[in-house]
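Observations on chain architecture
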Amino acid sequence: MFHPPPRTPSGLFPSGGSTRPSYREPNPVTGAGVAIGAVVTFAWLLLFGLVGRDAAGYAWWTLLAGGLAWAAAAVLVRHGDRGVATGVAIVTAGGWSIAAAIVALGWAQTGDWPLW
């Protein structure tokens, strides 16, 4: 009697133990981590933004605070919680966008570049 050769599984359905190693993320990104990073960065940018006395001061302080926040996020990505780093990066980008909009609005109203 003829028996067809066994077929190799496609991998769509698991067929027992795998011979390949399985790796798990040591620091998975969680929603709580992203939220904590976002809230702390919002407070950080707010405190630095309040130091500026005018639109130009606000923009420069926000740029500085965002640069420091992104440096902290880079360290967190490499050695800490990537979720917190994600929250930091998202809120920093939003803060820089607001500062850029304020500078552009001042430039459009006065015709003079406000940062110099």
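Cut-offs used in this document
Residues numbered from 1 in each chain as written. Predicted model: local features only at pLDDT ≥ 70, side-chain atom pairs only at ≥ 80, totals over all residues. Heavy atoms only, no water. Helix = DSSP H or I, 4+ residues; strand = E, 2+ residues; numbered from the N terminus. Contact = heavy atoms within 4.5 Å. Areas by Shrake-Rupley, 256 points an atom, 1.4 Å probe, with all protein chains shown as cover. 1 Å grid on protein atoms, 1.4 Å probe; cavity = no way out; pocket = protein on both sides within 12 Å on 5 of 7 lines; lining within 4 Å. Points joined across faces, edges and corners; volume = space filled by probe spheres on them. Nonpolar A, V, L, I, M, F, W, Y, C, P; charged D, E, K, R; others polar.

1. Points about the overall build of the protein
When helices and strands are tallied, the protein shows 3 helices and 0 strands. Helices and strands appear in the protein in the N-to-C order α-α-α. Its C-alpha atoms give the protein principal-axis dimensions of about 95 × 30 × 20 Å. The contacts of the protein with a sequence gap of at least 6 include a subset with a gap of at least 24, amounting to 61%. Roughly 8,800 Å² of accessible area belongs to the protein as shown, and the carbon and sulfur atoms make up 69% of that amount.

2. Let's talk about the layout of surface pockets
Roughly 150 Å³ of volume is contained in the largest pocket. Lining of the largest pocket is provided by F42, L45, L46, G49, L50, Y58, T62, V91, G95 and I98. Mapped by element, the contributors of at least two residues to the lining of the largest pocket are α1 (31-49), α2 (55-79) and α3 (82-110). Of all the elements, α1 adds the most residues to the lining of the largest pocket, at 4 residues. Tallied by class, the residues present in the lining of the largest pocket amount to 7 nonpolar, 3 polar and no charged.

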